[in-house]
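Summary of the model geometry
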Amino acid sequence: MTDTRRLRGLGTALVTPFNEDMSIDYDALSVLIEKQIEEGADYLVVLGTTAEAATMTRSEKRLVRRYVRDKVAGRLPLVVGMGGKCTAAVCEALMSEDLSGYDAVLSVCPYYNKPSQEGLYQHFFAISQASPLPVILYNVPGRTGVNMLPETVIRIYDANPDMIIGIKEASGNVEQIQSLIQLRDSDVRRQHFLVISGDDAIAYQLIQAGADGLISVASNAYTADFREIVHNTYGKAQQLQDDYQRLIYLLFKEGNPAGIKTVLAQKGLIQNILRLPLVSNSTAIQAQIKAVCP
């Protein structure tokens, strides 16, 4: 069975910085990676939603995967986003792409098609059979249009516990996530299955309920503080969670990653550039973010 301990704690969903010509800004990406390592992220998530992976070509994704892998050079575990709405296409990519240097795959529920719970089960079972790396499921119904229920998650895990190692749960439904944690904890054979918060706003609450960590957007800019929210090393987690609530709300007010790119640009770490159909925050939201940023 896969050792999941390295993927507990704080995972940062890395943004992809762009230049004015819309090419990838590798210099800025290098700075962000070093910041994560220096300030205590436990692992990095590459080419997820926050990375604007949906706007990148297959070639660009290969280059980013390779760049991050070589830059990190084993200093942190790495998770790579590999998902889509066509099961066969996802499986083909998993079998053909070079994923060396990565520890796990993060795979989102199929979007647009709106599969049934049975369809979700069969999709992820196929992925678990095709993937060369352990798989973390990703439930984010606000983006995909389908909500994967706790019973389906556990069914997927039980079907292939050596390959399905966890879930990033971003439904925002605290009761649903608590139910999933209870189902996991009801059977000692599921003790290694990770339930990871996908929402910065409820991370502390879910960790108190038994979640294993957070895959965070805000930690791109505030790594040390969100590490404390996750680990509570100095007993400041609850206060920090409360302190960041207004900023977290604003980060997602006009969509992700517009908010976090506003913060990183205001800090001088990247240019505030997104690829269409995504656009930068409005002037009003940028001003509100600046007013509440630590």
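Residues numbered from 1 in each chain as written. Predicted model: local features only at pLDDT ≥ 70, side-chain atom pairs only at ≥ 80, totals over all residues. Heavy atoms only, no water.

Examining the pairing of strand β4 (residues 104–108)
Along any regular strand, the residues point their side chains to alternate faces of the sheet. The element β4 is largely enclosed, with a buried count of five among its five residues. Neither face of β4 is exposed, since Ala104, Leu106 and Val108 on one face and Val105 and Ser107 on the opposite face are all buried. Sheet analysis places strand β3 (residues 78–81) next to β4, joined by three bridges and oriented parallel. Bridge pairing links Gly81 to Leu106 in β4. Across four bridges, β4 lies against strand β5 (residues 135–139) in parallel orientation. (Buried < 20%, exposed > 50% of the residue type's maximum accessible area, 1.4 Å probe, protein only. Helix = DSSP H or I, 4+ residues; strand = E, 2+ residues; numbered from the N terminus. Pairing = 2+ DSSP bridges.)

Concerning the pairing of strand β1 (residues 9–13)
Counted residue by residue, β1 has five buried out of five residues, so it is predominantly covered. Where β1 and strand β2 (residues 43–46) come together, three bridges link them in parallel fashion. Note that in β2 the partner of Ala13 across the bridge is Val45.

Side note on the packing of helix α11 (residues 258–266) against helix α12 (residues 283–292)
One can describe the packing of α11 onto α12 by two numbers: an axis separation of 10 Å at closest approach and a directional angle of 60 degrees. Relative to α12, the element α11 lies oblique. Considering how the two elements wind past one another, α11 and α12 form a crossing that is right-handed. Together, Gly259, Thr262, Val263 and Gln266 of α11 and Gln286, Ile289 and Lys290 of α12 make up the contact between the two elements. Looking at the contact of α11 with α12 residue by residue, the classes come out as two nonpolar, four polar and one charged. (Axes fitted to C-alpha atoms, helices over the stretch in contact; angles between N-to-C directions. Parallel < 35°, antiparallel > 145°, perpendicular 65-115°, else oblique. Left-handed = near helix turned anticlockwise from the far one by under 90°. Contact = heavy atoms within 4.5 Å. Nonpolar A, V, L, I, M, F, W, Y, C, P; charged D, E, K, R; others polar.)

As for empty space enclosed by the protein
Within this structure, the stated rule accounts for two cavities of 30 Å³ or more. Estimated volume of the largest cavity: approximately 40 Å³. Grouping the constituent residues of the lining of the largest cavity by class yields eight nonpolar, one polar and no charged. (1 Å grid on protein atoms, 1.4 Å probe; cavity = no way out; pocket = protein on both sides within 12 Å on 5 of 7 lines; lining within 4 Å. Points joined across faces, edges and corners; volume = space filled by probe spheres on them.)

Comments concerning the layout of surface pockets
Here the largest pocket defines a volume of roughly 960 Å³. What lines the largest pocket is a set of 33 residues, and nearest its centre among them are Ala53, Ala54, Lys61, Gly83 and Tyr111. Sorting the residues of the lining of the largest pocket by element identifies α2 (58–72), α3 (87–96), β4 and α5 (141–144) as the ones contributing at least two each. Within the lining of the largest pocket, the residues separate by chemical class into 16 nonpolar, nine polar and eight charged. Lining the second largest pocket are 28 residues, and of these Arg143, Gly198, Asp199, Phe252 and Asn256 lie nearest its centre.

Concerning helix α9 (residues 223–231)
Every buried residue of α9 is accounted for by Thr223, Phe226, Glu228, Ile229 and Val230. After α9 finishes, the residue Asn232 shows a positive phi value of roughly 55 degrees.

Section: the nonpolar core
Val68, Leu137, Met148 and Phe226 are the most contacted members of the largest nonpolar core, which totals 80 residues. When residues of this core are assigned to their parent elements, the largest contribution, seven residues, is made by helix α10 (residues 237–251). Look past the residues within four positions of Val68 in its chain and what remains in contact with it is Leu29, Ile33, Val46, Leu78 and Tyr102. Val79, Val108, Tyr138 and Val140 belong to the second-largest nonpolar core, a separate cluster that totals 16 residues. (Core = buried A, V, L, I, M, F, W, Y, C linked by side-chain atoms within 4.5 Å.)

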